[in-house]
Amino acid sequence: MREFKGVDFYAADGLFSEEELMVRDTVRSFVTDRLLPLLPDCWERGVFPKQLIPAFGDLGLMSANLQGYGCAGMSNTAYGLALQELERGDSGVRSFCSVQGALVMYPIHTFGSEEQKKKYLPKLAKAELIGCFGLTEPDFGSNPGGMRTTAKKVGNDWVLNGSKQWITNGTLADVAVVWAKTNDGHDDIGIRGFVVEKGTPGFTASDQHGKFSLRASTTSELGFQDCRIPAENLLPETTGLKNALMCLNQARYGISWGGVGSAMETFNTALQYSKERIQWNGQPIACHQLVQEKLAWMATEISKGQLLNLQLGRLKDNGRLKHWQIGLPCTVVLHALPVPNP
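Parameters at a glance
Residues numbered from 1 in each chain as written. Predicted model: local features only at pLDDT ≥ 70, side-chain atom pairs only at ≥ 80, totals over all residues. Heavy atoms only, no water. Helix = DSSP H or I, 4+ residues; strand = E, 2+ residues; numbered from the N terminus. Rg over C-alpha atoms; globule rule 2.2 N^0.38 Å. Buried < 20%, exposed > 50% of the residue type's maximum accessible area, 1.4 Å probe, protein only. Contact = heavy atoms within 4.5 Å. Lys, Arg positive; Asp, Glu negative; His and termini not counted. Charge placed at Lys NZ, Arg CZ, Asp CG, Glu CD. Patch = residues over 30% accessible without salt bridge, like charges linked within 9 Å, V, L, I, M, F, W, Y side chains within 5 Å. Areas by Shrake-Rupley, 256 points an atom, 1.4 Å probe, with all protein chains shown as cover. Salt bridge = Lys/Arg side-chain N within 4 Å of Asp/Glu carboxyl O. Disulfide = S-S within 2.5 Å. Phe/Tyr/Trp six-rings, centres within 6.5 Å; stacked < 30°, edge-to-face > 60°.

## A few points about the overall build of the protein chain
Then, in step 1: Secondary structure summary: the protein chain contains nine helices and nine strands in total.
Then, in step 2: Here the C-alpha atoms of the protein chain give a radius of gyration of 21 Å, agreeing with the 20 Å that 2.2 N^0.38 yields for 342 residues.
Then, in step 3: Along the first, second and third principal axes, the C-alpha set of the protein chain runs to 80 × 40 × 35 Å.
Then, in step 4: A burial count over the protein chain gives 52% of its 342 residues as buried.
Then, in step 5: Restricting to contacts in the protein chain with at least 6 residues of sequence separation, those with at least 24 account for 74%.
Then, in step 6: Of the side chains in the protein chain, 34 bear a positive and 35 a negative charge, and the two mean positions are spaced by 2 Å.

Here it is in structure tokens:
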């Protein structure tokens, strides 16, 4: 496996601390040595490399930027660099860790009771438990406010009915953070979060097959039919859809870094190929300006994404990050992905 030396045209590495670079380099080596050799088979068979789950826990990747309860507690910038390297290996693997940390552990950490935090977070941090996040539905993907899943208070329990679609980690999960419309009059939206454990009667999960992308990721559908959970499984500090959107912001922060990682690997692969592909008078296609222009464009957009992510991380570490700032690096990196067509 060829060593990956990074893509750094603007000397961005000099702007990170030694600790941040150590985290990045540790995950970079892990991806090269342990993840990449498994991916061709995982992609072909459409399966997630479950044998690496304990290592994700050992590296602190499941809870990297959360504090306490056994979480790694690293800076948001170091966390971003870790996700950058994971997505350099595979988007589905980065998604696995993002869901665990940003969409399962974050809502329990932020909106959960002390009992819930102590019960779930340490085991989730060690990857002894796996979680998933149930928000999107078959008829409402990007419009979660239109959800049809309901949670009705019956005595000391909540009863859930509905379904969730496109759920990463769904059939792998021991616990699911599920969002549902309630009848408790808590606010005008009436959407609150619940922890549902695997094996609860009325709770089902099934995998979705035939994907053309994210093939090394587990994508599932969740079903709830008169699924009764105890009242203490409600995340008590959830007060509406805004709390679910706060979780999505945590995930999108990591996606911004991950997109740069994917673009870096794409650029590196295209560059190496263009040097090795010989056409026209015995020359590599990298000699031709049409190919060079595409490579230069990719390098430019990657550099912009790297610098935007660095500022994003610093703002988040200083508690100054605004939700509308998170999407910009994702938009920039999308422009970096076109590759030369030999």
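## Points about unusual backbone geometry
Then, in step 1: Its identity is not glycine, yet Ala127 carries a phi of approximately 65 degrees, on the positive side.
Then, in step 2: You can see Ala127 is positioned in the loop between helix H6 (114-125) and strand E1 (131-134).
Then, in step 3: In this structure Ala127 comes out as buried when scored by relative accessible area, which is 13%.
Then, in step 4: A positive phi angle is found at Trp280, which is not glycine, with a value near 60 degrees.
Then, in step 5: Along the chain, Trp280 falls in the loop between strand E8 (278-279) and strand E9 (283-284).
Then, in step 6: For Trp280, a relative accessible area of 56% corresponds to the exposed category.

## Details of a nonpolar patch on the surface
Then, in step 1: Taken together, Phe9, Tyr10, Leu15 and Leu307 make up a surface patch of nonpolar side chains, about 450 Å² in accessible area.
Then, in step 2: As for its position among the elements, Tyr10 is in the segment before helix H1 (18-35).
Then, in step 3: Looking at Tyr10, the relative accessible area reads 60%, which means it is exposed.

## Section: the state of the cysteines
A covalent bond bridging the sulfur atoms of two cysteines is what the word disulfide describes.
Then, in step 1: Enumeration over the complete set of coordinates arrives at zero disulfides.
Then, in step 2: Just so you know, Cys71 is unpaired, no disulfide at all, and the nearest cysteine sulfur is the one on Cys97, 14 Å from it.

## Some remarks on the packing of aromatic side chains
Then, in step 1: Using the criterion set out here, one finds 12 aromatic pairs in the structure.
Then, in step 2: Taken together, a centroid distance of 5.9 Å and an interplanar angle of 85 degrees make the contact between Phe9 and Phe267 edge-to-face. Highlighted residues: Phe9 in the segment before H1 and Phe267 in helix H7 (residues 241-276), separated in sequence by 258 residues.
Then, in step 3: In this structure Phe9 comes out as exposed when scored by relative accessible area, which is 53%.

## Considering the pattern of salt bridges
Then, in step 1: Per the counting criterion, the structure on display carries 13 salt bridges.
Then, in step 2: Across the pair Glu137 and Lys164 runs a salt bridge whose closest N-O atoms are separated by 2.9 Å. A residue pair is termed long-range when its members are at least 10 positions apart, and Glu137 in the loop between E1 and strand E2 (150-154) and Lys164 in strand E3 (residues 157-168) qualify at 27 residues.
Then, in step 3: Across the pair Glu301 and Lys304 runs a salt bridge whose closest N-O atoms are separated by 3.0 Å. Pair noted here: Glu301 and Lys304 are both in helix H8 (residues 289-317), with a separation of three residues, about one helical turn.
Then, in step 4: The class of Glu301 is buried, set by a relative accessible area of 3%.

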